[in-house]
Amino acid sequence: LSRMLSVFGLRVNCRFLDDTAMGSVRGFGTGSMDIILNELRAEDYEDAICARFGTARPVVRLPTGLDEYIGWLRRMSDAAHIPCDEEERSARKAHEDFVRSHRSVFEGKRVILSTTISRRMDWLVDILIEMGADVVRFGFTKGADERCGVTASHKDLLTYDYGKRE
């Protein structure tokens, strides 16, 4: 995240994570935006932030995967009035290098994904397909939020409560 923000001359002001110091928490609300990691609870956080500070603040969801990252870069670029062409080229090259270097591991393999992670996972399905894998099923185990998953392009692969025994 720090590297992503540095492209626009921004820095992380406060983090509510495992390794948060009180000095960091005191800085909460003094930045120009809030970045939410849990996209499914984002509305809850937005409401709490607006209630606490009495105003709507820009809430940005952290991107996952190349397509979301490029979209995020472009939105941040527009907001900051700072070009992001070089970072976009760098991200695309890093993605291509990753796919090329891992293709031999996944090409021709049949893959079933099972996760409890409650966030969209299109990027993972997309990159596996790019690497030549045959993704046959994508399942969320009990406890995963049904608002997550994959978009319409991969709906045929999706199963909720995957692994449930009748």
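Since the structure is predicted, the reported quantities are computational estimates derived from the model, not experimental observations. (Residues numbered from 1 in each chain as written. Predicted model: local features only at pLDDT ≥ 70, side-chain atom pairs only at ≥ 80, totals over all residues. Heavy atoms only, no water.)

Trainee: Help me understand the packing of aromatic side chains in this model?
Mentor: Within a pair of aromatic rings, the relevant descriptors are the distance that separates the centres and the angle that separates the planes. Scanning the entire structure with this criterion turns up two aromatic pairs. With centroids separated by 6.3 Å and ring planes inclined at 70°, the aromatic side chains of phenylalanine 8 and tryptophan 72 adopt a geometry described as edge-to-face. Within this pair, whereas phenylalanine 8 is found in the loop between helix 1 (2–6) and helix 2 (22–26), its partner tryptophan 72 is found in helix 4 (residues 65–80), the two being separated by 64 residues in sequence. Of the two residues, phenylalanine 8 and tryptophan 72, neither departs from the other in class, the shared state being buried. Relative to tryptophan 72, the ring of tyrosine 69 lies with its centre 6.1 Å away and its plane at 15°, an arrangement referred to as stacked. Of this pair, tyrosine 69 and tryptophan 72 both sit in helix 4, three residues apart, roughly one helical turn. Judged on exposure class, the residue tyrosine 69 and its partner tryptophan 72 are both buried. (Phe/Tyr/Trp six-rings, centres within 6.5 Å; stacked < 30°, edge-to-face > 60°. Helix = DSSP H or I, 4+ residues; strand = E, 2+ residues; numbered from the N terminus. Buried < 20%, exposed > 50% of the residue type's maximum accessible area, 1.4 Å probe, protein only.)

Trainee: Explanation requested: the pattern of salt bridges in the structure shown.
Mentor: When the charged atoms of two side chains lie near each other, side chains of opposite charge can form a pair. Counted according to the given criterion, the structure contains seven salt bridges. One salt bridge in this structure joins glutamate 88 and arginine 74, with 2.6 Å as the shortest N-O distance. Taken as a pair, glutamate 88 in helix 5 (residues 85–106) and arginine 74 in helix 4 lie far apart in primary sequence, 14 residues in all. For glutamate 88, a relative accessible area of 11% gives the class buried. Notably, a salt bridge pairs aspartate 97 with lysine 93, separated by 2.8 Å at the nearest N-O pair. Here aspartate 97 and its partner lysine 93 are both found in helix 5, four residues apart, which amounts to about one turn of the helix. Among the residues examined, lysine 93 registers a relative accessible area of 48% and is labelled partly exposed. (Salt bridge = Lys/Arg side-chain N within 4 Å of Asp/Glu carboxyl O.)

Trainee: Just to check I follow, could you spell out helix 4 for this structure?
Mentor: Structurally, the α-helix is built with 3.6 residues per turn, so residues lying three or four positions apart point the same way. For helix 4, built from 16 residues, the straight-helix expectation of 22 Å at 1.5 Å per residue is met to within 8% by its first-to-last C-alpha distance of 22 Å. Histidine 81, located one to two residues past helix 4, shows a positive phi value of around 55°. (Expected span 1.5 Å × (residues − 1).)

Trainee: Sorry, what's going on with the packing of helix 5 against helix 6 (residues 122–130) here?
Mentor: Across the interface, helix 5 lies against helix 6 with an axial gap of 8 Å and an inter-helix angle of 65°. In terms of their interaxial angle, helix 5 and helix 6 are classed as roughly perpendicular. Contacts between helix 5 and helix 6 pair His95, Phe98, Val99, Arg103 and Phe106 from the former with Ile127, Leu128 and Glu130 from the latter. Partitioned by chemical class, the residues of the contact of helix 5 with helix 6 number five nonpolar, one polar and two charged. (Axes fitted to C-alpha atoms, helices over the stretch in contact; angles between N-to-C directions. Parallel < 35°, antiparallel > 145°, perpendicular 65-115°, else oblique. Contact = heavy atoms within 4.5 Å. Nonpolar A, V, L, I, M, F, W, Y, C, P; charged D, E, K, R; others polar.)

Trainee: Looking at this structure, I do not really get unusual backbone geometry. What am I missing?
Mentor: Negative phi is the rule for most residues except glycine; trans is the rule for most peptide bonds. Notably, histidine 81 is not glycine yet its phi reads approximately 55°, a positive angle. Within the element layout of this structure, histidine 81 appears in the loop between helix 4 and helix 5.

Trainee: Any chance you could explain the environment of glutamate 96 here in plain terms?
Mentor: Relative to the assigned elements, glutamate 96 resides in helix 5. Spatially, the C-alpha atoms of glutamate 96 and glutamate 130 are 9.6 Å apart, while their sequence positions differ by 34 residues.

Trainee: Just checking my understanding: could you explain helix 5 for this structure?
Mentor: The end-to-end C-alpha distance of helix 5, which contains 22 residues, comes to 31 Å, matching closely the 32 Å that a straight helix rising 1.5 Å per residue would cover. By the largest-angle criterion, arginine 100 marks the main kink of helix 5, which is about 30°. Restricting attention to buried positions, one finds in helix 5 the residues Glu87, Glu88, Ala91, His95 and Val99. In this fold, the buried residues of helix 5 make contact with helix 1, helix 4 and helix 6. Two residues or fewer after helix 5 comes glycine 108, characterised by a positive phi angle close to 80°. (Bend = angle between axes of the 7 residues up to and from the residue.)

Trainee: Could you clarify how one ought to interpret the side chain of histidine 95 in this entry?
Mentor: By the element assignment, histidine 95 lies in helix 5. With near-sequence residues (within four places) excluded, histidine 95 lies in contact with Leu66, Ile127 and Glu130.

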